[in-house]
Amino acid sequence: MNTLAAVLANPASAVDLGNAQWEQLLGELRRARMLARLDAVLRAHCEEELLPLAARELMRSDAIYVANVQRAARQELGRLSSIAREVDYPVILLKGSAYLAAGLPVAQGRRQSDLDVLVPASALDDFEQRLRREGWHFAADLSAYDEHYYREWAHELPPMRHSRSVIELDVHHSLIQRTSRVQLDIASIVEAARPLPDTPFHVLCDEDLILHSALHLVMSDELRGGIRDLYDIHCLCVDFLGDDVVAWERLIGRARAVGLLRPLYYALLAARNLFALRPPITAWQVLCAGGKPGVLADSVMRRLMRWHFAPVAGQQARAATARQMLYLRSHWIRMPPAMLVRHLVNKCVVTLCDARSSKGASDDPQKLPRME
Amino acid sequence: MCFRTGPFSVRLTSDVRGFGATWQSCYSPMELLPDDMVCHLRISVMRERGVRRWLGPQAVFRLEGIQPFEPYPLSQAFPMFEWGLNWCIAMSSHYHLLLHSAVLEKDGKAVILPAQPGSGKTTLCAGLVGRGWRLLSDEFGIVRHSDGQLLPLPRAAPLKNESIPLLAESAPQLSFGPRFDRTRKGDVVHLFPPRESLERQLESATPRWIVFPRFQRGAALELIPQPPIVALTRLVGNSFNYRVTGVSGFRSMSRLIRSTRSFQLLNGDLAAAVDAVEQLLAEDVL
């Protein structure tokens, strides 16, 4: 069993771990970028003095780093707020920025590298112009192909950065690639967003917050957020829904209405298996009836997700296989076949050229970006 | 194998022949830690697999199974490990204020030598070790927030290019490692930390001076006092994590500046620069 998954499922059990398990856990935490996150979780569940000193120090170091990133994220939100106040459409915070601004427990110790916002597609041009006027810009080395990819096919603009900020801003006009096979009712999601008190921003309604997190996890390249994002979903469900059958049914009803039953099914399936999330049985049956794929697809995905989210020491090959399969799967869903081939060929050529031109450069440990 | 380096514990595995021997001769008096303890960092230095095993063999550095930078030629496994471990430490110790500086101590008083490109920090550091200063670190000034003390991290100090023969000549009693030609930082020979440095690696030191070295060929020696505000600005720019550490970093930084005297040391000659630092100690009446 993967130690991190076991500890997240039952944080109080951390005090009973032996040294060998801690050794494993610390590696899993760094790979999952969750040292600070677990620090916050354990604070609520066990006495700090009972944990090994090295573990405490590593978690504390990361907590300090994450606090700094969150400070920068709040500053960026402050900068954005003057724009959000001026416009007559909602500026909706997504994912980490929403958790942070709304003060949700899931934001505690959560590491984020960028800020995500959503505006209605009709307002995208206006919002981009305003950002540019206020000092945000695209990366100087953005290639023509990348720009084309974002503008034509993606659900977001290329990443932007304010000249005084250390974090990137991703501006979305939808929650899913234009070309994707999964179709969702974005208008209804924007419609249901609620204003966040004391700020000029909006956040998605509670159900959509969970659904977006599930969608993002299940659709991204190789389930990129990994166990961290899965744990976000678990925490959101526990916080918002708990044992409330009606609330769970509302979530599933909402998933059906906006077309996200399948991603929700996968996310909750994995959270059930890894963190012992227990949706009420009736609600779970309804979700299975509407969201479960065929028997074969279901059993393959179950396995891939387990290998990927919670790899067991000594089974790296499985984790690598799972990652590759999930990568192909995510691309398969997002693009029609011809476009997929074109995209992968282009990426492949770019990677080869990069490897050739940058050989021997940028690999000096002391020249690496400071402080990851 | 688990070992302690200053405030950190490391579990190290390697299958690179020769790397272990170099490591041993560098750190041998150091006490190993029991195998079943919980370490801060799990690091491996392994031969690259596949065709690379025979064709231009390479060594790969991994932290927790993650490879943070490109492999090095197999023969340079030791310098790669040293730089890699420094990088890991810089990433994982935000509960201290970290300066990119050498730190040495004599008679209970420590001098901080902040690095700048071309400053000659490592050369001056090695020169002072040759005159009996205790090496705390060639790379990190670790400032403990609770009391402002400097924590040692005695490790191999990489001397580069012209400074290699200079030190071999002026301080032959010190022990040096094998020569690594044409690494990414030029030719490198490590000054191994003296036994005393390793034995006293848990003993902190009180900061007394901050000396910004600046090497300029042919320059006459000049020791110029730095106003606190200038020293503060320069030291903030020299820190690995000042911004990250927030209020505690600010407090530690201002205490450090208040409790030390700062100088710029322009020099064109190692012996004269070492004398100038020794002079600071001799004139210090506290």
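To be clear, the structure that these remarks concern was listed above.
Residues numbered from 1 in each chain as written. Chains lettered and ligands numbered in written order. Predicted model: local features only at pLDDT ≥ 70, side-chain atom pairs only at ≥ 80, totals over all residues. Heavy atoms only, no water.

Enquirer: Sorry if this is basic, but what is going on with the overall build of chain B here?
Expert: Each helix and strand counted, chain B has eight helices and 17 strands in total. Since a compact globule built from 286 residues should have a radius of gyration of about 19 Å, the 19 Å found for chain B is in line with a globular shape. Considering only C-alpha atoms, chain B reaches an extent of 60 × 40 × 30 Å along its principal axes. In chain B, of all internal contacts separated by at least 6 residues, the share reaching a separation of at least 24 is 72%. Surface summary for chain B: the accessible area is close to 11,800 Å², and the carbon and sulfur share equals 54%. Counting 32 positive and 26 negative side-chain charges, chain B places the averaged centre of each group 6 Å from the other. (Helix = DSSP H or I, 4+ residues; strand = E, 2+ residues; numbered from the N terminus. Rg over C-alpha atoms; globule rule 2.2 N^0.38 Å. Contact = heavy atoms within 4.5 Å. Areas by Shrake-Rupley, 256 points an atom, 1.4 Å probe, with all protein chains shown as cover. Lys, Arg positive; Asp, Glu negative; His and termini not counted. Charge placed at Lys NZ, Arg CZ, Asp CG, Glu CD.)

Enquirer: Explain empty space enclosed by the protein here, please?
Expert: The method is simple in principle: a probe with the dimensions of a water molecule rolls over the atoms, and the space it marks as empty is what remains. All names here are of chain A. For the structure shown, the criterion picks out one cavity of 30 Å³ or more. Of the pockets and cavities examined, the largest cavity occupies roughly 40 Å³. Looking at the lining of the largest cavity element by element, the count peaks at three residues for helix α3 (residues 35-43). In terms of residue class, the lining of the largest cavity is made up of three nonpolar, no polar and three charged. (1 Å grid on protein atoms, 1.4 Å probe; cavity = no way out; pocket = protein on both sides within 12 Å on 5 of 7 lines; lining within 4 Å. Points joined across faces, edges and corners; volume = space filled by probe spheres on them. Nonpolar A, V, L, I, M, F, W, Y, C, P; charged D, E, K, R; others polar.)

Enquirer: For this particular structure, what's the right way to read the pattern of salt bridges?
Expert: Side chains carrying opposite charge are able to pair once their charged atoms draw close together. All names here are of chain B. The tally for this structure, following the rule as stated, stands at 34 salt bridges over all chains. R134 serves as the salt-bridge partner of E105, at 2.8 Å between the closest nitrogen and oxygen. Of this pair, E105 sits in strand β7 (residues 97-106) while R134 sits in strand β9 (residues 134-137), and the two are 29 residues apart along the sequence. According to the relative accessible area criterion, E105 is buried, its value standing at 6%. Residues D284 and K109 are paired through a salt bridge, measuring 3.0 Å at the closest nitrogen-oxygen approach. (Salt bridge = Lys/Arg side-chain N within 4 Å of Asp/Glu carboxyl O. Buried < 20%, exposed > 50% of the residue type's maximum accessible area, 1.4 Å probe, protein only.)

Enquirer: Any chance you could explain the pairing of strand β15 (residues 206-215) of chain B here in plain terms?
Expert: Two faces belong to every sheet, and in a regular strand the side chains alternate between them. All names here are of chain B. Counting buried positions over the ten residues of β15 gives seven, a clear majority of the element. Across four bridges, the pairing between strand β8 (residues 109-114) and β15 is parallel. Residue pairing in the sheet places K109 in a bridge with T206 of β15. Across seven bridges, the pairing between β15 and strand β17 (residues 261-267) is parallel. Paired with V211 across the strands is F263, a residue of β17. (Pairing = 2+ DSSP bridges.)

Enquirer: Sorry, what's going on with the packing of helix α2 (residues 19-31) of chain A against α3 of chain A here?
Expert: How two helices sit against one another is set out by the angle between their axes and by the gap between those axes. All names here are of chain A. At their nearest, the axes of α2 and α3 sit 8 Å apart, and the two run at 120 degrees to each other. Our classification of the angle between α2 and α3 gives oblique. Of α3, the residues touching α2 (which contributes W22, L25, L26, L29 and R30) are L35, L38 and L42. (Axes fitted to C-alpha atoms, helices over the stretch in contact; angles between N-to-C directions. Parallel < 35°, antiparallel > 145°, perpendicular 65-115°, else oblique.)

Enquirer: Is there a simple way to think about helix α10 (residues 226-240) of chain A in this case?
Expert: Three or four residues apart is the spacing at which side chains of an α-helix point the same way, because the helix has 3.6 residues per turn. Residues and elements named next belong to chain A. Compared with the 21 Å implied by 1.5 Å per residue over 15 residues, the 22 Å span of α10 between its first and last C-alpha is a close match. Burial analysis of α10 places twelve of its 15 residues in the buried class, the great majority of the element. Turning to α10, its buried residues are G226, I227, R228, D229, L230, Y231, D232, I233, H234, C235, L236 and C237. Positive backbone phi, at 55 degrees, marks G242, one or two positions downstream of α10. (Expected span 1.5 Å × (residues − 1).)

Enquirer: Please clarify how helix α14 (residues 295-309) of chain A should be interpreted in this entry.
Expert: With 15 residues, α14 of chain A extends 21 Å from end C-alpha to end C-alpha; this agrees with the ideal 21 Å at 1.5 Å per step. Listing the buried residues of α14 of chain A in full gives D298, M301, L304, M305, W307, H308 and F309 of chain A.

Enquirer: Please clarify how the interface of chain B and chain A should be interpreted in this entry.
Expert: Quoted interface sizes are often the accessible area lost when the parts come together. With 38 residues of chain B in contact, the opposing surface of chain A contributes 25 residues. Summing both partners gives a buried area of about 2,900 Å² for chain B against chain A, and 56% of it is carried by carbon and sulfur. Viewed at the interface, chain A and chain B are joined by two salt bridges. Between E23 of chain A and R42 of chain B there is a salt bridge; the shortest N-O distance is 2.9 Å. At the boundary of chain B and chain A, one finds eleven residue pairs in polar contact (both at pLDDT 80 or more). (Buried area = accessible area lost by both parts, 1.4 Å probe. Polar contact = N/O pair within 3.5 Å; in protein donor to acceptor, adjacent residues only side chain to side chain.)

Enquirer: I keep staring at unusual backbone geometry and nothing clicks. Help me out?
Expert: One non-glycine residue, K95 of chain A, lies in positive phi territory at about 45 degrees. Even without a glycine there, the phi angle at R182 of chain B is positive, about 50 degrees. Within the fold, R182 of chain B resides in strand β13 (residues 176-183). We classify R182 of chain B as exposed; its relative accessible area is 71%.

Enquirer: Teacher, can you tell me more about the side chain of S44 of chain B here?
Expert: Residues and elements named next belong to chain B. With respect to the element layout, S44 can be found in strand β4 (residues 41-47). On the basis of relative accessibility, which here comes to 14%, the residue S44 falls in the buried class. What S44 contacts, discounting residues up to four positions off in sequence, is T13, V60, F61 and R62.

Enquirer: How should the packing of aromatic side chains be read in this particular structure?
Expert: Each aromatic ring pair is described using two quantities: the centre-to-centre distance and the angle formed by the ring planes. Residue and element names in this part refer to chain A. Evaluated as defined, the whole model comprises 16 aromatic pairs over all chains. Considering the side-chain rings of Y231 and F275, the 5.4 Å spacing of their centres and the 75 degrees angle between planes classify their relative orientation as edge-to-face. Note that Y231 is positioned in helix α10 and F275 in helix α12 (residues 261-275), a separation of 44 residues in sequence. Considered together, Y231 and F275 belong to a single accessibility category, that of buried residues. Ring centres 5.7 Å apart and planes at 20 degrees place the aromatic pair Y265 and W284 in the stacked group. Separated by 19 residues along the polypeptide, Y265 in helix α12 and W284 in helix α13 (residues 281-291) bring together distant segments of the chain. Each member of the pair, Y265 as well as W284, is classed as buried. (Phe/Tyr/Trp six-rings, centres within 6.5 Å; stacked < 30°, edge-to-face > 60°.)

Enquirer: I would appreciate a short explanation of the state of the cysteines in the present structure.
Expert: Two cysteines joined by a covalent bond between their sulfur atoms form a disulfide. Residue and element names in this part refer to chain A. All told, the structure shown has zero disulfides over all chains when counted by the stated rule. Among the cysteines around C46, which has no disulfide bond, C235 carries the closest sulfur, lying 15 Å off. Owing to a relative accessible area of 14%, C46 belongs among the buried residues under this scheme. The structure places no disulfide on C237, whose sulfur is separated from the nearest cysteine sulfur, that of C235, by 9.3 Å. Since its relative accessible area comes to 0%, C237 is described here as buried. (Disulfide = S-S within 2.5 Å.)

Enquirer: Mind showing me how you'd approach the sheet that holds strand β14 (residues 186-191) of chain B here?
Expert: For sheets, the rule is that strands pair by backbone hydrogen bonds, running either parallel or antiparallel. Residues and elements named next belong to chain B. If you trace the three strands from one edge of the open sheet to the other, you get β12-β14-β13, paired in antiparallel fashion. In the strand order of this sheet, the two ends are held by β12 (157-160) and β13, each with one partner. Neighbour to neighbour, the strand axes of the sheet diverge by 25 degrees on average, direction disregarded. With four bridges joining them, β12 and β14 adopt antiparallel strand pairing. By the bridge assignment, P158 is partnered in β14 with H190.

Enquirer: So what exactly am I meant to see when it comes to the nonpolar core here?
Expert: A general tendency of soluble globular proteins is for nonpolar side chains to be buried together. Core analysis: the biggest nonpolar cluster contains 113 residues, and W22, F127 and V171 of chain A have the highest contact counts within it. Looking at which element gives the most residues to this core, the answer is α12 of chain A, with eleven residues. Those residues in contact with V171 of chain A that lie beyond four places of it in its chain are V117, V119, L124, F127, L131, H155, E156, L157 and M160 of chain A. Listed in part, the 42 residues of the second largest apolar core include F3, Y27, M80 and L153 of chain B. (Core = buried A, V, L, I, M, F, W, Y, C linked by side-chain atoms within 4.5 Å.)

Spatial relationships are all this shows, so hold off on functional conclusions.
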